[in-house]
Structures are given as C-alpha cells and as structure tokens.
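Now for the letters of each chain:
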Amino acid sequence: MSAATTPAPCSPEDVRRVACIGAGVIGGGWVAHFLARGYDVTAWDPAPDAEDKLRRLVAAAWPALEQIGLADGASQDRLTVTATLAEAVADAQFIQESAPEKLELKRSLLAELDAAAPAGVVIASSTSGYPMTDMQTEAADPARLVVGHPFNPPYLIPLVEVVGGERTDAAAVEWSARFYDVAGKSVITMDRELPGFIANRLQEALWREALHMVANGEASVEDIDASITEGPGLRWAFMGPCLTFALAGGEGGMAHMLDHFGPSLKSPWTRLEAPELDRTLRDAMVDGCEEAAKGRDYAQLVAERDQGVIDVLRATGRLGGAR
C-alpha cells in the first residue's frame, strides 16, 4: 500500500452523511443499514426505476431493523435519491459503491467517483471478488479506494471484509475499518489482498462440493442444506470451523485433533475442482431448490431468513446496540 496522502476530512465517529452508489440488492441493503444507524443517505443508480425499487427494499427491511434496534434519529425519510452521481457524492463523508461485478465498470465508476467526491473522502467498493489493485487503475487518487465487502443482506449480516490495493493508503484502510465498526459492522481487516477474500473462498469450497454431490446423484439439494442447518451450521453461528475442530481434540485441543485426525486429510472427502455447470446440473439445482422451498415464494423465504438471522444473533448475544 502507498504512503499517506490527503487525510480524511473528518473522523469516522463524525460521519453524518453517506453516499451509496448502486441501489440493487447489495447497495439497497447498505442504504437500509446506514439509515437504520441514523445517517443521512444519498443514493444514485442509473436504472430508471431505481428509486421506487430502493424505497420498497428499505421499507421491506425496516421491520427487521426495528427489531434489532434503530439508532436515535433513524428514519427512512433521511434518504435522498439524486438524479446524478455527482449530486449523490457532493457532500458525502463516506462513499459505498455497489455496482455490478464487471471489472471495467468498476474501474470506470471508481474513477468517476474519485473525480466527483470531496478530497480525502474514502470510497469503498462492495465487490465480492475483485482485488482493489485491479479496480483502482484509472483513478487519479487511488490512495483512498478500499474494498468494503459485505454479505447479503448488508442490513442484517454484520461481517464486512476490508482491504486495500497496492496503491491504497494504509490510513484509508484503517479509517474505513474504524468507520464500519462505528456504523455497527463486524470488521475483518485483511493483511493482504486475496481473490474472493476470506469468507467467499470458504463458501465457494462448500458450494463446489455441494454441486459435485448433486451432479453425481450423491445427495439432494434438500439433504445438503439440512446437513448444514441441522449440523455444523448451528455451531458455526457462534464458533468458526477452526475452534470447532479444536474442540474435537478434547482437552488436547487442535494439536490432538491434528495428530489424531490429520491422516484423514488424505481421504477423498472433497473435490475442490469446480464441476462442469452443464444443463443437467443447473436443472438439478434449480429443481432441488424449488422442492426445498415447499411452495414458499421469494418474499416468504426472505422474511424467514431475516427472522432466522435475528434469532441467531439474539440467541448468541451479538445484536449490536444503537450508535
């Protein structure tokens, strides 16, 4: 990362206005989160029906956010949707970009944001896989560009992974990590860039193995999902795989677990090469998910998911308080 350049115009604790660029599922989720935390939010998206969709998304998320607990002054009325990108960022003290995952689009959009935003304001990208080094190539001031990778829905899932690129100022990474913390997120500040970051790489390994099992007729979609929700997923909600495995070693901990179970790493328990996503596998996944839904539509499934996350967070004592 580069040496320090222009300092941020305010501290993370003093931010009052956030700009969200891109108002789809992820960008809209960020809007809902920031509004619930008591910020003024300006948003921009080039789609002609973006404002209507965004306000519906925020309204749908609000009951869940009320259960979590709104910050003082939090209101959907503090959202302003602007006609141009420049208007959205004109007075912003932090900018969250959530455009589609297309590298050339990310590059040009981040450069445009850099040109329009006030000097020193940190600009974070919600990219789910691109390294910032690859995205900051066209920006005049790449030092203030960082990755702030959320998880869907951003208004409920606490985790955000923060990392800079080769030309990012280390102070911008530190500032953005502190801002996300103040804004109620659970932050992992990565030491170095890694394609897909941390959680997505772990998710992808599990996903690829699931696809292999469906493709080979070894397990149904419903069986695979139940194997997680009724098994290790219950532990992973509050203790990750490493500590979970350490407990498998008893009082000897991870050392005993590795000494005892280490040879099983040579067993053919996983296939990390991605299978061919042909029509047969695609249809099997689609049909399996429809069967697993048991007639519930998208809105019902989203509501169940949101309530489930709230219940898990509450049960494990991880519901954050208002800012």
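Calculation criteria
Residues numbered from 1 in each chain as written. Predicted model: local features only at pLDDT ≥ 70, side-chain atom pairs only at ≥ 80, totals over all residues. Heavy atoms only, no water. Salt bridge = Lys/Arg side-chain N within 4 Å of Asp/Glu carboxyl O. Buried < 20%, exposed > 50% of the residue type's maximum accessible area, 1.4 Å probe, protein only. Helix = DSSP H or I, 4+ residues; strand = E, 2+ residues; numbered from the N terminus. Expected span 1.5 Å × (residues − 1). Contact = heavy atoms within 4.5 Å. UniProt positions renumbered as here; feature names shortened; annotations may be inferred. Pairing = 2+ DSSP bridges. Phe/Tyr/Trp six-rings, centres within 6.5 Å; stacked < 30°, edge-to-face > 60°. Lys NZ or Arg CZ within 6 Å of the ring centre and 35° of its normal. Patch = residues over 30% accessible without salt bridge, like charges linked within 9 Å, V, L, I, M, F, W, Y side chains within 5 Å. Areas by Shrake-Rupley, 256 points an atom, 1.4 Å probe, with all protein chains shown as cover.

Attention now moves to the pattern of salt bridges. Scanning the entire structure with this criterion turns up 15 salt bridges. Taking the shortest distance from any N to any O, the salt bridge between Lys53 and Asp49 comes out at 3.3 Å. Since its relative accessible area comes to 33%, Asp49 is described here as partly exposed. Residue Arg55 pairs with Glu51 through a salt bridge whose shortest N-O separation is 3.0 Å. Taken as a pair, Arg55 and Glu51 lie in helix H2 (residues 50–68) at a separation of 4 residues, close to a single helical turn. By relative accessible area, which is 34% here, Arg55 ends up partly exposed. In this structure, a network of salt bridges that share partners links the residues Glu13, Arg178 and Asp181.

Okay, helix H4 (residues 103–116) next. With 14 residues, H4 extends 20 Å between its outermost C-alpha atoms, agreeing within 8% with the 20 Å of an ideal straight helix rising 1.5 Å per residue. Its buried side turned inward, H4 meets strand E1 (17–21), helix H3 (85–89), strand E4 (94–97), strand E5 (123–125), helix H5 (132–135) and strand E6 (145–149).

The next thing to look at is the UniProt feature "domain: 3-hydroxyacyl-CoA dehydrogenase NAD binding" (unreviewed entry) in the chain. UniProt marks residues 18–190 with the feature "domain: 3-hydroxyacyl-CoA dehydrogenase NAD binding" (unreviewed entry), using the numbering shown here. Helix makes up 39% of residues 18–190 and strand 20%. Its end C-alpha atoms lie 23 Å apart.

For the rest of this paragraph, the subject is the pairing of E6. Burial analysis of E6 places 5 of its 5 residues in the buried class, the great majority of the element. In E6, alternate side chains face the same way, and those of Leu145, Val147 and His149 on one face and Val146 and Gly148 on the other are all buried. Direction of pairing for E6 relative to strand E7 (residues 159–164): antiparallel, over a ladder of 4 bridges. Residue pairing across strands places Val147 opposite Val163, the latter belonging to E7.

Moving on to the packing of aromatic side chains. Centre distance and the angle of the planes are the two values used to describe a pair of aromatic rings. For the structure on display, the rule yields 11 aromatic pairs. Each ring, one from Phe34 and one from Tyr39, has its centre 5.9 Å from the other, and the planes form 85°; the classification is edge-to-face. Residues Phe34 and Tyr39 agree in their burial class; the two are buried. Arranged with centres 5.5 Å apart and planes meeting at 85°, the rings of Phe94 and Tyr180 form a pair that is edge-to-face. Within this pair, whereas Phe94 is found in strand E4, its partner Tyr180 is found in helix H6 (residues 170–182), the two being separated by 86 residues in sequence. Grouped by ring-pair contacts, the aromatic residues Trp30, Phe34, Tyr39, Phe94, Trp175, Phe179 and Tyr180 constitute a single cluster. The ring of Trp30 is capped by Lys185, whose NZ or CZ atom sits 5.2 Å from the centre of that ring.

Moving on: the side chain of Arg107. Relative to the assigned elements, Arg107 resides in helix H4. Accessibility expressed as a relative area gives 18% for Arg107, which makes it buried. Excluding residues within four positions of it along the chain, Arg107 makes contact with Asp134, Met135, Thr137 and Glu138.

Taken from the UniProt record, the annotation "binding site: NAD(+)" (unreviewed entry) applies to Gly22, Ala23, Gly24, Val25, Ile26 and Gly27. The residue Val25 is located in helix H1 (residues 25–36) in this model. Here Val25 is in contact with Leu57, Asn152 and Pro154, once residues within four sequence places are set aside. The topology assignment puts Ile26 in helix H1. Take Ile26: its relative accessible area is 26%, and that puts it in the partly exposed class.

Time to look at a nonpolar patch on the surface. Nonpolar side chains collect at one region of the surface, where Ile188, Leu194, Ile198 and Leu202 lie side by side and expose about 310 Å² of accessible area between them. The topology assignment puts Ile188 in strand E8 (residues 186–189).

Here the focus is the environment of Val147. Mapped onto the fold, Val147 is located in strand E6. The spacing of Val147 and Val160 is 13 residues in sequence and 9.3 Å in space, taken between C-alpha atoms. Among residues more than four places away in sequence, those in contact with Val147 are Ser125, Thr127, Tyr130, Met132, Met135, Glu161, Val162, Val163 and Phe197.

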